[in-house]
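Secondary and tertiary structure notes
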Amino acid sequence: MFNIIVFTRKSMISPYNLIYAHLAFVDLVTIIAYVPRAWQELVRQRIYSFKELRVYEWEIASFCSLFTAATLHQISTWITILLAVWRYIAIAYPLKEREWCNMKAAKIFISAAYTVGFLIHLPNLFEINVVAIDTLLDSEGYPTSNRTIGVPTTVYKTHLWETRKTSGFLAAIFYAFVPRITAVIVLSVYTYK
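Let me sum up the structure you'll find in this document. (Residues numbered from 1 in each chain as written. Predicted model: local features only at pLDDT ≥ 70, side-chain atom pairs only at ≥ 80, totals over all residues. Heavy atoms only, no water.)

Concerning the overall build of the chain
What counts here: A helix here means a DSSP run of H or I that spans at least four residues, while a strand means a run of E at least two residues long, and both kinds are numbered starting from the N terminus. When a residue's accessible area, from a 1.4 Å probe over protein chains only, is under 20% of the maximum for its type it is buried; when over 50% it is exposed; and in between it is partly exposed. The contact criterion used is simple: two residues touch if any of their non-hydrogen atoms lie within 4.5 Å. We get accessible surface area from the Shrake-Rupley algorithm with a probe of 1.4 Å; when it comes to residues, only the shown protein chains can shield them.
If you tally the helices and strands in the chain, you get nine helices and two strands. Taken from the N to the C terminus, the helices and strands of the chain come in the order α-α-α-α-α-α-α-β-β-α-α. Considering the chain as a whole, with its 193 residues, one finds that 31% of them fall into the buried category. A separation threshold of at least 6 residues defines the contact pool for the chain, and within that pool the share at least 24 residues apart is 71%. Summed over its atoms, the accessible surface of the chain is roughly 12,500 Å², and 67% of this surface lies on carbon and sulfur atoms.

Some remarks on the side chain of His121
Defined as follows: In protein, a polar contact means a hydrogen-donor-capable atom and an acceptor-capable atom, both N or O and within 3.5 Å, with residues adjacent in sequence counting only if both atoms are side-chain atoms; elsewhere, any N or O pair within 3.5 Å suffices.
For His121, the location among the structural elements is in helix 7 (residues 103-126). Only 3.5 Å separates the side chain of His121 from the backbone oxygen of Ala70, close enough to count as a polar contact.

Topic: the environment of Ser139
Following the sequence through the fold, Ser139 ends up in the loop between strand 1 (128-137) and strand 2 (151-160). Once the C-alpha coordinates of Ser139 and Val151 are considered, the two residues, twelve residues apart in sequence, prove to be 7.8 Å apart.

What about the environment of Ser188?
Among the secondary structure elements, Ser188 is positioned in helix 9 (residues 168-191). Since its relative accessible area comes to 38%, Ser188 is described here as partly exposed.

Section: the side chain of Thr30
Mapping Thr30 onto the fold places it in helix 2 (residues 15-33). Thr30 sits in the buried class, given a relative accessible area of 10%. When sequence neighbours within four positions are dropped, the list of residues in contact with Thr30 reads Ala69, Leu72 and His73.

Details of the packing of aromatic side chains
Our working definition: For Phe, Tyr and Trp, where Trp contributes only its six-membered ring, two rings pair if their centres lie within 6.5 Å, and the inter-plane angle classes them as stacked under 30 degrees, edge-to-face over 60, or tilted in between.
For the structure shown, the criterion picks out four aromatic pairs. Between the aromatic rings of Tyr16 and Trp86, the centroid separation amounts to 5.6 Å while the plane-to-plane angle is 80°, which identifies the pairing as edge-to-face. In this pair, Tyr16 is assigned in helix 2 and Trp86 in helix 5 (residues 56-92), connecting sequence segments 70 residues apart. Of the two residues examined, Tyr16 and Trp86, each falls in the buried class.

With respect to helix 2
Stated formally: Expected span, for any helix, means 1.5 Å times one less than how many residues it has.
For helix 2, spanning 19 residues, the distance from its first C-alpha to its last is 27 Å, which sits close to the expected 27 Å at 1.5 Å a residue. Restricting attention to buried positions, one finds in helix 2 the residues Pro15, Tyr16, Asn17, Leu18, Ile19, Ala21, Leu23, Ala24, Val26, Thr30 and Ala33.

Overview of the packing of helix 2 against helix 7
Rules: Under this scheme, a helix contributes an axis fitted over its contacting stretch, all axes are lines through C-alpha atoms, and angles between N-to-C directions fall in the 0 to 180 degree range. Working definition: roughly parallel below 35 degrees, roughly antiparallel above 145 degrees, roughly perpendicular at 65 to 115 degrees, and oblique for all remaining angles. Helix crossings are classified by the rotation of the near helix relative to the far one: an anticlockwise turn of less than a right angle makes the crossing left-handed, while a clockwise turn makes it right-handed.
The geometry of helix 2 relative to helix 7 is characterised by a closest axis approach of 8 Å and an angle of 20° between their N-to-C directions. Looking at the two axes, helix 2 sits roughly parallel to helix 7. Of the two possible hands of crossing, helix 2 and helix 7 adopt the one that is right-handed. On the side of helix 2, the interface is formed by Pro15, Leu18, Ile19, His22, Phe25 and Val26, while helix 7 contributes Met103, Ala106, Lys107, Ile110 and Tyr114.

Notes on the nonpolar core
Inclusion rule: Among the buried residues, those of types Ala, Val, Leu, Ile, Met, Phe, Trp, Tyr and Cys that are joined through side-chain atoms within 4.5 Å form a nonpolar core.
One finds Ile19, Ile79 and Trp86 to be the most contacted residues of the largest nonpolar core, which totals 22 residues. Those elements that place two or more of their residues in this core are helix 2, helix 5 and helix 7. Top contributing element to this core by residue count: helix 5, with ten residues. Apart from residues no more than four positions distant in its own chain, Ile19 is found in contact with Ile79, Leu82, Leu83, Trp86 and Ile110.

A look at the pattern of salt bridges
Where charged atoms of side chains with opposite charge meet at close range, the side chains can pair. Let me state the cut-off plainly: By salt bridge we mean one thing: a side-chain nitrogen of Lys or Arg within 4 Å of a carboxyl oxygen of Asp or Glu.
Considering all chains together, one arrives at one salt bridge under this definition. Among the ionic pairs, Lys96 bridges to Glu99, the shortest N-O distance being 4.0 Å. Owing to a relative accessible area of 52%, Glu99 belongs among the exposed residues under this scheme.

Dropping the structure here:
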C-alpha cells in the first residue's frame with residue numbers, strides 16, 4: 001500500500017515508478033481477492049455444516065475470488081516481464097533507454113499487460129457452472145450414504161462444462177503451461193547475447 005502511495009507522488013513520477021506502482025497495486029488486489037476463499041476454507045468450515053458451506057452464493061463468490069486472483073497473478077507476471085525487459089534495455093542499450101522506455105511506452109505496455117492477463121483467463125468464465133446436487137446429509141449436516149438417517153438435501157458445487165472435462169489435458173496446457181513458458185521465452189530472448 002505504501003509503495004503505491006510513494007510511487008504515485010508527483011515528485012516520483014517516472015516510467016519505472018509507474019511500473020512499480022502497478023505491480024504493487026496488482027499484488028495488493030491479488031491478496032485481497034484471496035480473502036473470500038480463505039474465509040471459506042479456513043474459518044467457515046470450522047463454524048458451519050457441509051450444507052451451510054455449499055450454498056449457491058458462496059460457490060459463486062469462491063469462483064469469482066479464484067478467477068480474479070488468477071487473472072491478477074497473470075497480470076503481475078506480465079508487468080514483471082516488462083520491468084525485466086526494461087532493465088535489460090537500460091543495461092544493454094543505455095543510450096536508447098530514454099527513447100524506448102518513456103512514460104507513453106510504460107502506459108501502453110502496462111495496458112497491454114492488463115489486457116493480455118484478462119484475455120488469457122476470459123474463457124474460464126464460460127467453462128464453469130454451479131450445479132445443484134441432491135445428496136443425503138446426516139444430523140450434523142455432513143454427507144452420508146445411509147438412507148435411514150440421511151436427510152435429502154440440495155447443495156451446490158462448481159463444475160467444469162463438459163467441453164473442458166473432455167479436453168482437460170489440453171486446457172491445462174493452455175491455461176497453465178503456455179502463459180508461463182511464454183514468460184520464460186520472452187525473458188530468455190531479451191537476456192541472451
